[in-house]
Amino acid sequence: MGTRWQREKRRRNGLGTWRLVRYADDWVILVNGTRTHAEALRDEAAAVLAPLGLRLAEEKTRVVHIDEGFDFLGFTIRRMRKRGTAKRYVYTVPSKKAIQAVKDKVSAKTYRSTRHLDPGVLIQSINRTLAGWANYFRHGVSKDVFSAVDAHAWGRIMRWLRHKYSHMGMPELRRRFCVRGTWQFAANGVRFTGAFSVPVTRYRYRGSIPTPWAPQPVPAPG
């Protein structure tokens, strides 16, 4: 809100400053000030929306400290202490709800009703689900989460194989459906790659994000 100097002047006068972050109809207001400032701003936002026939969703509208964290667009944004140090940073990680949602998708793909599928088809389907999910969350602190999601998927695939090929022991399952000398699943030329194969790329500055479209030419006057 305003210029840097305007914000500093407001803070010197004991007033709060804020920034609005919006994506479609989801938005969050980041307040530099007290809880009272944040609550007053929430009431002001509600007053602005009212003449438009809109209102804040009570179940989604909260006033929280950055140390408590909040969920926005599938991410949890929270300030925490960096492991091994006394310094505190704001971390952006996939939310628990988003993690559970992708785990549920993997579980659905490995229900008993899918055991008629070829193992290669199953692995490829799970790879696509996890890669698409990971590509969305790759701009956060997500590597540990990717690894945990892959561990869940690995366990579900192993369970699926053991039920589908119940006549086989573990040594034969490993020989037939894993890359030699590893526990990486592979069938008919398809390997399990999961979410961890997607590289994490963090954006440090908003201005460094490339614009995906070319600027429109300004029409000549007259």
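Provided above is the structure to which this section pertains.
Residues numbered from 1 in each chain as written. Predicted model: local features only at pLDDT ≥ 70, side-chain atom pairs only at ≥ 80, totals over all residues. Heavy atoms only, no water.

Side note on the overall build of the protein chain
Here is step 1 of the chain: Scanning the protein chain for helices and strands turns up six helices and seven strands.
Here is step 2 of the chain: Going residue by residue from the N terminus, the α and β elements of the protein chain occur as α-β-β-α-β-β-β-α-α-α-α-β-β.
Here is step 3 of the chain: Taking 222 residues into account, the globule formula puts the C-alpha radius of gyration at 17 Å, and the protein chain, at 24 Å, lies well above it.
Here is step 4 of the chain: The principal-axis extents of the C-alpha atoms in the protein chain amount to approximately 75 × 55 × 40 Å. (Helix = DSSP H or I, 4+ residues; strand = E, 2+ residues; numbered from the N terminus. Rg over C-alpha atoms; globule rule 2.2 N^0.38 Å.)

A short note on the packing of helix 3 (residues 96-109) against helix 4 (residues 119-137)
Here is step 1 of the chain: For the pair helix 3 and helix 4, the least separation of the axes is 10 Å and the interaxial angle reads 170°. The pairing of helix 3 with helix 4 is recorded here as roughly antiparallel in orientation. Here helix 3 contributes A98, I99, V102, K105, V106 and K109 to the contact with helix 4, which in turn contributes L122, S125, I126, T129, L130, W133 and F137. (Axes fitted to C-alpha atoms, helices over the stretch in contact; angles between N-to-C directions. Parallel < 35°, antiparallel > 145°, perpendicular 65-115°, else oblique. Contact = heavy atoms within 4.5 Å.)

A closer look at the nonpolar core
Here is step 1 of the chain: Residues I126, L130, W133, L161, F185 and F192 are the most contacted members of the largest nonpolar core, which totals 31 residues.
Here is step 2 of the chain: Those elements that place two or more of their residues in this core are helix 3, helix 4, helix 5 (143-164) and helix 6 (170-177).
Here is step 3 of the chain: The biggest single contributor to this core is helix 5, with eight residues. (Core = buried A, V, L, I, M, F, W, Y, C linked by side-chain atoms within 4.5 Å. Buried < 20%, exposed > 50% of the residue type's maximum accessible area, 1.4 Å probe, protein only.)

Side note on the packing of aromatic side chains
Here is step 1 of the chain: Counted under the stated rule, the structure contains eight aromatic pairs.
Here is step 2 of the chain: With a centroid separation of 4.9 Å and an interplanar angle of 65°, the aromatic rings of F75 and F137 are classed as edge-to-face. Of this pair, F75 sits in strand 4 (residues 75-81) while F137 sits in helix 4, placing them 62 residues apart in sequence.
Here is step 3 of the chain: On the accessibility criterion, F75 (12% relative accessible area) is buried.
Here is step 4 of the chain: Seen from their ring centres, Y136 and F137 are 4.8 Å apart, and the 85° between their planes marks the pair as edge-to-face. (Phe/Tyr/Trp six-rings, centres within 6.5 Å; stacked < 30°, edge-to-face > 60°.)

What about the pairing of strand 4?
Here is step 1 of the chain: Taken together, the three bridges between strand 3 (residues 70-72) and strand 4 define a ladder with antiparallel strand orientation. Pairing of D71 across the sheet is with T76, part of strand 4.
Here is step 2 of the chain: Where strand 3 folds back on strand 4, the antiparallel hairpin that results is connected by two residues, among which L73 adopts a positive phi of roughly 55°.
Here is step 3 of the chain: Where strand 4 and strand 5 (residues 88-94) come together, seven bridges link them in antiparallel fashion. When the bridges of strand 5 are listed, R78 appears paired with Y91.
Here is step 4 of the chain: From the end of strand 4 to the start of strand 5, which pair antiparallel, there are six residues, and G84 there has a positive phi angle of about 85°. (Pairing = 2+ DSSP bridges.)

Topic: the pattern of salt bridges
When the charged atoms of two side chains lie near each other, side chains of opposite charge can form a pair.
Here is step 1 of the chain: One pass over the structure, following the stated rule, counts five salt bridges.
Here is step 2 of the chain: A salt bridge links D67 to R79, with the shortest nitrogen-to-oxygen separation between them at 2.7 Å. You can see D67 sitting in the loop between helix 2 (35-49) and strand 3 and its partner R79 sitting in strand 4, a full twelve residues away along the chain.
Here is step 3 of the chain: The closest approach of N and O atoms between D67 and R88, which form a salt bridge, is 3.6 Å. Here the residue D67 occupies a position in the loop between helix 2 and strand 3, and R88 occupies one in strand 5, the gap between them amounting to 21 residues.
Here is step 4 of the chain: One network of salt bridges, with partners in common, ties together D67, R79 and R88. (Salt bridge = Lys/Arg side-chain N within 4 Å of Asp/Glu carboxyl O.)

As for the environment of K82
Here is step 1 of the chain: As for its placement among the helices and strands, K82 is situated in the loop between strand 4 and strand 5.
Here is step 2 of the chain: In contact with K82, other than residues within four places in its own chain, are K87, Y89 and Y91.

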